[in-house]
Amino acid sequence: MPNFSQLRHFMQRDSRTFPRRCGLVAAALLVLWVGAPGLLAQEKNPYAGDAKVAKLGEYQFRSNCAFCHGLGAKGGGRGPDLTRAQKHHGNTDAEIFHNIHDGIAGTAMPAATNGGIGVGMSDEEIWQVVTYLRSVEKKATAAETGDAARGKELFYGNNAACATCHMVNGKGGRLGPDLTTTGSSRSVDYLADSVRSPSKRLAVGLSEPLKDFAQEYETVTVITADATLYQGVILNEDSFTVQMLDRSERLHSFEKAKLRSFQKSRESLMPTYDVKLLPEKDLKDLIAFLLAASSQGGAK
Amino acid sequence: MRASSMDGGRKSRFLVPQNYPGRRRRAALGMTSFCVARVLMTTAGAIAAFLLLTAQSSAQVTAERLLNSSKEPQNWLMYSGDYAGHRYSALDQINMSNAALLVPKWAYQTMAGGKFEGTPLDVDGILYGTGQDDRVFALDARSGRPIWQYQQALPVDIRPCCGRVNRGVAILGDKVFVATLDAHVVALDSKTGNVVWEVNTAEHAKGYSFTLAPLVIKNLVIVGVSGGEYGIRGFIDAYDAATGARKWRFYTIPGPGEPGHETWEGESWKIGGSPAWITGTYDPATNTTFWTTGNPSPSNRGEGRAGDNLYSNSLLALDPDTGKLKWHFQFTQHDEHDYDATQVPVMIDDGDRKLIAQANRNGFFYLIDRTNGKLLSATSYAKVTWSTSKDAIGRPVGDKNASPTPEGNRVCPGAAGATNWMSPTYDPQTKLFYVTAREQCDIFATAPQPYEAGHAYYGSAYFPNDEAQPFWGALRALDPATGKLKWEWKHSSPTWAGVLSTAGGLVFTGDAEGNVIALDAASGKALWHFQCGSSVYASPMSFAVDGKQYVTVAAGSTLFTFGLP
């Protein structure tokens, strides 16, 4: 909240020396003060399509966004791929601006204001980033990649049996990450890669407040004091305890010191779906299903 | 040797000492008019005791007390506990045999979001601390109940690079000193929290701010500025504790005509960064104060600032009376990876050798002769790829192919460093140096940008490898003489918690998962932990009141104090 007496003081002081400029500045400040919500709701990108601004936006993106969203906006360890035309939290310029400016509640996405995690971006710089994102956007529709309806059958059927461990729109298993929004947050290449080599990048799970890096779906095998063996995925972990989901989708919490054995692995529990297990056409159909599922009301 | 500090040192102000004046006078009066005398003397005794209590409760924290802080281990009189920067407590009531019994005694909530990086002071049973958004508070150390609270009215256009943090206060006389995010230094009355004086040191809107706990030497309050992300010109200032008048300023970037100015290309020195955002140390024997500086600006791009860029990423030996530079040692020349040297420069005496030990953000552990600034050794204590060679004086020098590139160049340590601002500790009993190490590499990619006042000025970007790449961290115990690893405690992920060592044979630290942990200082075995519910982003301290030892550390938005049941 601006200090009104400071603003008045500023107006009085400058009105003697630079009356015209002062008027403009004061008016601008008043707009900022009174009309802040209006400004934030700005809907049109003033730089849309400007290649020079897109380049500036690329540097802004590298400095402020790439830490999570990766170089080239292709997605990082914890931020989604932003080259997808279909964005989970909104596709319009105004929505993207708002998401950068204010952050996204319930996610790790911080507000681009001072005192947040970043160093702060001005509105102009945010529009530069929006311009950049538009310049790297790739459209990938379900129709281009394969047959979504067949993909759905594969996903829920017995051959690929993805739904044993993965859920889409509330249906499926829990041992792997919920894939409802994956189609809009990851590229087609990334999705294909994840099916073919599941251990290459483990999915990102729980992110605790203030913690730099999120927990991952690492594979865990424990043997308890009474010699019971549990294998599953780690939901959370610290130096002394582990919270896991076993293969039967039962939640367990253990104190590591009381276990007979505790072993973690970055080999995913997910089978490697090579071309024999999942022919290329099946893979494309499966991805088509994930893309369709992640669009509004898709594949229900 | 273990100091049994619970018996020695100053008594709490609420305990009447055995030899208080009323008792002596009463004995001298003998048997005359016994009843009258008894009434009178009881009154006199009460008055005398009251006067004494009053005198003690307004006991001044003199410059002498600060110099002799080791004589009152029940107190924690400055950010690092002592002038040597040891962050060591001579208290041993909490020790190897009973650490497992520790329980939380009280918690104080700042109710603020963001990172809580402060270390409170303890002065005769009162804790003085700071929290997020430049909150300052005085608490009853027994109960955690607030005595006063203060919050700086921060303008909207401050430029904190990395959170609205404050690491603590300094104390002298009846004032506590806080350096704020709007680049002010404020003196508060230690009884009331009222502002005694306040000075503005620089233009906050251009990126100048303070995050550190000031250091008091003699009658001066010494502060170093933050803002290496905004193209400031760094400085270290000294203010008269009584009046707030500035006594000296040392610019960490030499101006035209000064030695070192030639290490900057063109006009780059004007916006060359080199902040000094971690509290220094002080050697009374030579009247030298040691300060460390941060990255040159722009932090990740060397183009446009050819040269070593003195005195960025350096250790500075200053005369505290004048601010004159005695010598300097630069850890990382012409830095392009954000390797601020802002880690507490720890003073260690090894026989005749007077040393400064520093585990630097660039991954090397340095030993420097603190009488002349000569490098004695530099040993890596974490994964390092930015340097593979040393120069004639043994300094690790950066490889040309470690520079940020348009495609991105993976370099270790990453921009957060092999360690960072969180305090290390030196334990004179084990003679080990304990440091929080972070094993994390980053990809550095160019992102050129022009300087604009008050805007972030990085020049390139860094981010973690997007391939599956586990980051991890550890508390490492190093033999300072060799830099060799004695033991390590592996954290579940990299942490931002500092380390405290105590005469009880313990080291205390915290982790990103929210645990406060007590370890055996000799072996690194965990003896106790407590889950605070949010990351520990601070360095612990210890104090005693009413003969009971406590350990205090911030986690989440809460200050936790632990003690024996």
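Position labels on residues start from 1 in each chain and follow its written sequence. Key to labels: chains lettered from A, ligands numbered from 1, both in the order written. Since the coordinates come from a predicted model, pLDDT governs what is reported: local features require at least 70, and pairs of side-chain atoms require 80 or more to be given and counted, while whole-chain, interface and lining totals use all residues.

A count of helical and extended segments in chain A gives 12 helices and seven strands. Each residue is classed by its C-beta neighbour count within 10 Å, where at least 20 other C-beta atoms makes it buried, 12 or fewer makes it exposed, and intermediate counts make it partly exposed; the C-beta atoms are placed from backbone geometry. Buried residues in chain A amount to 36% of all 300 residues. Our contact criterion uses C-beta atoms placed from the backbone: two residues qualify when those atoms are within 7 Å. By sequence separation, contacts in chain A at least 24 residues apart represent 58% of the contacts at least 6 residues apart. Secondary structure follows DSSP: runs of H or I at least 4 residues long count as helices, runs of E at least 2 residues long count as strands, and numbering of each begins at the N terminus.

What follows covers the interface of chain B and chain A. On the side of chain A, 27 residues touch chain B, which itself brings 37 residues to the contact. When residues of the side of chain B that touches chain A are traced back to their parent elements, those giving at least two are β28 (442–446) and β29 (460–464) of chain B. Tallying contributions element by element places β29 of chain B first for the side of chain B that touches chain A, with three residues. Charged means Asp, Glu, Lys or Arg here, nonpolar means Ala, Val, Leu, Ile, Met, Phe, Trp, Tyr, Cys or Pro, and polar covers whatever is left, Gly included. Here the side of chain B that touches chain A is built from residues that sort into 18 nonpolar, 11 polar and eight charged.

All names here are of chain A. Think of each axis as a best-fit line through the C-alpha atoms, taken over the contacting stretch in the case of a helix, with angles from 0 to 180 degrees between the N-to-C directions. Where helix α9 (residues 148–156) meets helix α12 (residues 280–294), the axes come as close as 7 Å, and the angle between the chain directions of the two elements is 100°. Comparing the axis directions of α9 and α12 gives the class roughly perpendicular. Residues A148, R150, G151, K152, L154 and F155 of α9 touch α12, and the partners they reach there are D282, D285, L286, I287, A288, F289 and A292. The class makeup of the residues in the contact of α9 with α12 is eight nonpolar, one polar and four charged. Each angle is binned into one of four classes, with values under 35 degrees roughly parallel, values over 145 roughly antiparallel, values of 65 to 115 roughly perpendicular, and all other values oblique.

All names here are of chain B. Strand pairing follows a simple DSSP-based rule, namely that at least 2 bridges must link the two strands. Strand order across the open sheet formed by four strands is β15-β16-β17-β18, with antiparallel pairing between neighbours. The open sheet has two edge strands, β15 (281–283) and β18 (325–330), and neither has a second partner. Put simply, the sheet's adjacent strands are angled 20° from each other on average, direction ignored. The pairing of strand β17 (residues 314–318) with β18 spans five bridges and is classified as antiparallel. Considered in β18, the bridge of L316 is made with H328.

This brings us to helix α11 (residues 188–196) of chain A. Looking at α11 of chain A, one finds that the buried residues are V188, L191, S194 and V195 of chain A. Projected down its long axis, α11 of chain A carries its buried residues within an arc of 130°, all on one side. Directions pointing from the helix axis toward each C-beta atom define the arc.

Turning to the sheet that holds strand β13 (residues 235–240) of chain B, a few remarks are in order. Strands pair in a sheet through their backbones, by hydrogen bonds, and they do so in one of two ways: parallel or antiparallel. Residue and element names in this part refer to chain B. With respect to topology, four strands assemble into an open sheet ordered β11-β12-β13-β14, the strand pairing being antiparallel. Both edges of this open sheet fall to β11 (215–217) and β14 (246–251), since each of them pairs with a single strand only. With strand direction ignored, the average angle separating the axes of adjacent strands in the sheet is 20°. Two strands pair when backbone bridges link them, and β11 and strand β12 (residues 220–224) are joined in this way by three bridges, in the antiparallel orientation.

Let us look at the domain arrangement of chain B. Segmentation of the chain into domains, including their bounds, is taken from an automatic or database domain assignment. Each domain of chain B was delimited in the assignment, giving domain 1 (21–57) and domain 2 (63–563). Its C-alpha centre places domain 1 of chain B at a distance of 50 Å from the equivalent point of domain 2 of chain B.

For the rest of this paragraph, the subject is the packing of α11 of chain A against α12 of chain A. Residue and element names in this part refer to chain A. Direction vectors running N to C along α11 and α12 enclose 125°, while the axes themselves pass 10 Å from each other. Looking at the two axes, α11 sits oblique to α12. The hand of the α11/α12 crossing is right-handed. Taking contact as the criterion, the partners of V188, L191, A192 and V195 in α11 are, on α12, L283, I287 and L290. Considering only residue class, the contact of α11 with α12 consists of seven nonpolar, no polar and no charged. A crossing counts as left-handed when the near helix is turned anticlockwise from the far one by less than a right angle, and as right-handed when that turn is clockwise.

A few words now on the environment of P110 of chain A. Considering the arrangement of structural elements, one finds P110 of chain A in the loop between α6 (93–102) and α7 (123–136). Separated by 173 residues in the primary sequence, P110 of chain A and L283 of chain A place their C-alpha atoms 35 Å from one another.

This part covers the nonpolar core. For this analysis, nonpolar core means a set of buried Ala, Val, Leu, Ile, Met, Phe, Trp, Tyr and Cys residues linked through C-beta atoms within 7 Å. Counting 178 residues, the largest nonpolar core has V169, A170, I171, V216 and V221 of chain B as its most contacted members. The greatest single-element share of this core, amounting to six residues, is contributed by α7 of chain A. With sequence-adjacent residues up to four places away left out, A170 of chain B is seen in contact with M78, F177, A213, P214, L215, V216 and V221 of chain B. Ranked by size, the runner-up nonpolar core spans 21 residues in total, among them C162, V168, I287 and A292 of chain A.

Bringing helix α4 (residues 51–64) of chain A into the picture now. Any helix carries an expected span of 1.5 Å times its number of residues minus one. Under the 1.5 Å per step criterion, the end-to-end length of α4 of chain A is 20 Å for 14 residues, consistent within 8% with the ideal 20 Å. Extensive coverage of α4 of chain A is indicated by the burial of 11 of its 14 residues. All of the buried residues along α4 of chain A are V53, A54, L56, G57, E58, Y59, Q60, F61, R62, S63 and N64 of chain A. Buried residues along α4 of chain A sit against α5 (66–69) and α7 of chain A together with β28 and β29 of chain B.

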